[in-house]
Amino acid sequence: MSDTTYTDRSGLMRTFGRDGLLQILLIANTFIMIAPIVIMVFSAFKPSMAIFRQPFAIPDFTDLSNFEAIWTETHFVRYFFNSLLITGSSILAILVLGSMAAYALGRYNFRGSSFLLLFFLAGLTLPLKLAVIPLFVLMRKMGLLDSQLSLILIYIAMGLPSTVFIMTGFIRSLPGELEDAARMDGASEARIMWSVMLPLARPAMVIAAIHNLVPIWNDFFFPLIFIQNDLLKTLPQGLTSFMGEYTTNWGVLFAGLTFAAAPITLLYIILSRQFINGMTSGAIK
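In this report, we go over the structure that sits alongside the text. (Residues numbered from 1 in each chain as written. Predicted model: local features only at pLDDT ≥ 70, side-chain atom pairs only at ≥ 80, totals over all residues. Heavy atoms only, no water.)

**Remarks on helix H9 (residues 189-200)**
(1) Moving on: Its 12 residues give H9 an end-to-end C-alpha distance of 16 Å, which sits within 8% of 16 Å, the value for a rise of 1.5 Å per residue.
(2) Moving on: Within the span of H9, buried status applies to Ile 192, Met 193, Met 197 and Leu 198. Seen along its axis, H9 keeps its buried residues to an arc of 135 degrees; they face one direction.
(3) Moving on: For H9, the elements touching its buried residues are helix H4 (76-107), helix H7 (148-172), helix H8 (176-184) and helix H10 (202-218). (Helix = DSSP H or I, 4+ residues; strand = E, 2+ residues; numbered from the N terminus. Expected span 1.5 Å × (residues − 1). Buried < 20%, exposed > 50% of the residue type's maximum accessible area, 1.4 Å probe, protein only. Arc of directions from axis to C-beta. Contact = heavy atoms within 4.5 Å.)

**Thoughts on empty space enclosed by the protein**
(1) Moving on: According to the stated counting rule, one finds one cavity of 30 Å³ or more in the structure shown.
(2) Moving on: Reported here for the largest cavity is a volume of approximately 40 Å³.
(3) Moving on: As for the largest cavity, its lining consists of Ser 83, Ile 86, Thr 87, Tyr 155, Ile 216, Trp 217, Asp 219, Pro 223, Thr 234 and Pro 236.
(4) Moving on: Top contributing element to the lining of the largest cavity by residue count: H4, with three residues.
(5) Moving on: Partitioning the lining of the largest cavity into residue classes produces six nonpolar, three polar and one charged. (1 Å grid on protein atoms, 1.4 Å probe; cavity = no way out; pocket = protein on both sides within 12 Å on 5 of 7 lines; lining within 4 Å. Points joined across faces, edges and corners; volume = space filled by probe spheres on them. Nonpolar A, V, L, I, M, F, W, Y, C, P; charged D, E, K, R; others polar.)

**Focus on the side chain of Ser 90**
(1) Moving on: On the secondary structure map, Ser 90 appears in helix H4.
(2) Moving on: At 2.7 Å, the side chain of Ser 90 and the backbone oxygen of Ile 86 are in polar contact.
(3) Moving on: Residues in contact with Ser 90, not counting those within four places in the same chain, are Ile 152, Tyr 155, Ile 156 and Ile 216. (Polar contact = N/O pair within 3.5 Å; in protein donor to acceptor, adjacent residues only side chain to side chain.)

**Some points on the nonpolar core**
(1) Moving on: Residues Leu 151, Phe 222 and Phe 226 are the most contacted members of the largest nonpolar core, which totals 37 residues.
(2) Moving on: In this structure Leu 151 touches Ile 86, Phe 222, Pro 223, Phe 226, Ile 227 and Thr 234, once residues within four positions along its chain are discounted.
(3) Moving on: Tyr 103, Phe 170, Leu 174 and Met 193 belong to the second-largest nonpolar core, a separate cluster that totals 13 residues. (Core = buried A, V, L, I, M, F, W, Y, C linked by side-chain atoms within 4.5 Å.)

**Overview of the packing of H9 against H10**
(1) Moving on: For the pair H9 and H10, interaxial distance at closest approach is 5 Å and the crossing angle is 70 degrees. Considering their axes alone, H9 and H10 lie roughly perpendicular with respect to each other. Taking contact as the criterion, the partners of Leu 198, Pro 199 and Leu 200 in H9 are, on H10, Arg 202, Pro 203 and Met 205.
(2) Moving on: Per-class residue counts for the contact of H9 with H10 are five nonpolar, no polar and one charged. (Axes fitted to C-alpha atoms, helices over the stretch in contact; angles between N-to-C directions. Parallel < 35°, antiparallel > 145°, perpendicular 65-115°, else oblique.)

**Some thoughts on a nonpolar patch on the surface**
(1) Moving on: Together, Leu 92, Val 96, Leu 97, Met 100 and Trp 194 line one region of the surface with nonpolar side chains, adding up to about 470 Å² of accessible area.
(2) Moving on: Broken down by element, the nonpolar patch gets its largest block of residues, four residues, from H4.
(3) Moving on: Relative to the assigned elements, Met 100 resides in helix H4. (Patch = residues over 30% accessible without salt bridge, like charges linked within 9 Å, V, L, I, M, F, W, Y side chains within 5 Å. Areas by Shrake-Rupley, 256 points an atom, 1.4 Å probe, with all protein chains shown as cover. Salt bridge = Lys/Arg side-chain N within 4 Å of Asp/Glu carboxyl O.)

**A closer look at the layout of surface pockets**
(1) Moving on: Empty space within the largest pocket amounts to approximately 460 Å³.
(2) Moving on: In terms of lining, the largest pocket is formed by 19 residues, of which the most central are Gly 123, Ala 157, Met 158, Gly 159 and Pro 161.
(3) Moving on: Sorting the residues of the lining of the largest pocket by element identifies helix H5 (113-122), H7 and H10 as the ones contributing at least two each.
(4) Moving on: Ranked by the residues each element gives to the lining of the largest pocket, the list is headed by H7, at seven residues.
(5) Moving on: A class-by-class count of the residues in the lining of the largest pocket yields 14 nonpolar, five polar and no charged.
(6) Moving on: Volume-wise, the second largest pocket comes out at about 310 Å³.
(7) Moving on: If you trace the second largest pocket, you find it lined by Met 33, Ile 37, Met 40, Val 41, Trp 217, Asn 218, Thr 258, Ala 260, Ala 261, Ala 262, Ile 264 and Thr 265.

**Here's the deal with the environment of Ser 83**
(1) Moving on: Within the secondary structure, Ser 83 sits in helix H4.
(2) Moving on: It is 9.9 Å that separates the C-alpha atoms of Ser 83 and Gln 237, two residues lying 154 residues apart in sequence.
(3) Moving on: Once residues within four sequence positions are removed from consideration, Ser 83 is found in contact with Gly 88, Trp 217, Thr 234, Leu 235 and Pro 236.

**Looking at the pattern of salt bridges**
(1) Moving on: Per the stated rule, a full pass over the model turns up five salt bridges.
(2) Moving on: Across the pair Arg 183 and Asp 180 runs a salt bridge whose closest N-O atoms are separated by 3.7 Å. Of this pair, Arg 183 and Asp 180 both sit in helix H8, three residues apart, roughly one helical turn.
(3) Moving on: Look at Asp 180 and you get partly exposed, because its relative accessible area is 42%.

Here's what the structure looks like:
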């Protein structure tokens, strides 16, 4: 056997060894991430005692008693609607305001543009939870305590910095010839932004939406502080009502958790292609 052949085989073995180790790590990571979700779904179809006696056993998927209890014996539908309203309104406002700010900062050169961008980026370094007392005092003076509008305003302020950061870099990478051609055709600046540039920035908008959607939908802290009315509670806050002082119906609780996780999971699956395209488009450009 020649030295060249031996060297080639050694290189292939090292490559396959690294690839095999990487595959093992990815499979292990997938199992670690999926296992809690599978256990949660299985527990949603079991009574409370079966969850503790046989936590890993496959349940009877025809037993929908826990889901029936969620819809008929609790305010789950109301909690779900409240979360949908607050999250949808917040994401819509974040994308509209963030897109406008990112377009101005990414496509126009004016005095103070760098300072404004740094001002938005500074919001990434300041967790709003540290300012909960000033926020509480502010909302009380504005008469917005125990109001869904207070949560929407807080989530908008929380999501704008990351949205401006994500979209500014993407919008700057778009070719300027498209703008020039639209101006020559007589399009206004607003028309250029909404009809020409923002459709091209759709992958970045999907990234910004998913980046803010998950923490807003799952947030428990701010609803706990600003919402007291049971009919205005969001899903994470409302699910705590299923836990009694002395007993907890774990089957019903896991059914509620399954319902709560389903919309975000389905939305991520639907938008996953655009999410991946947005993550890689910067490198391609």
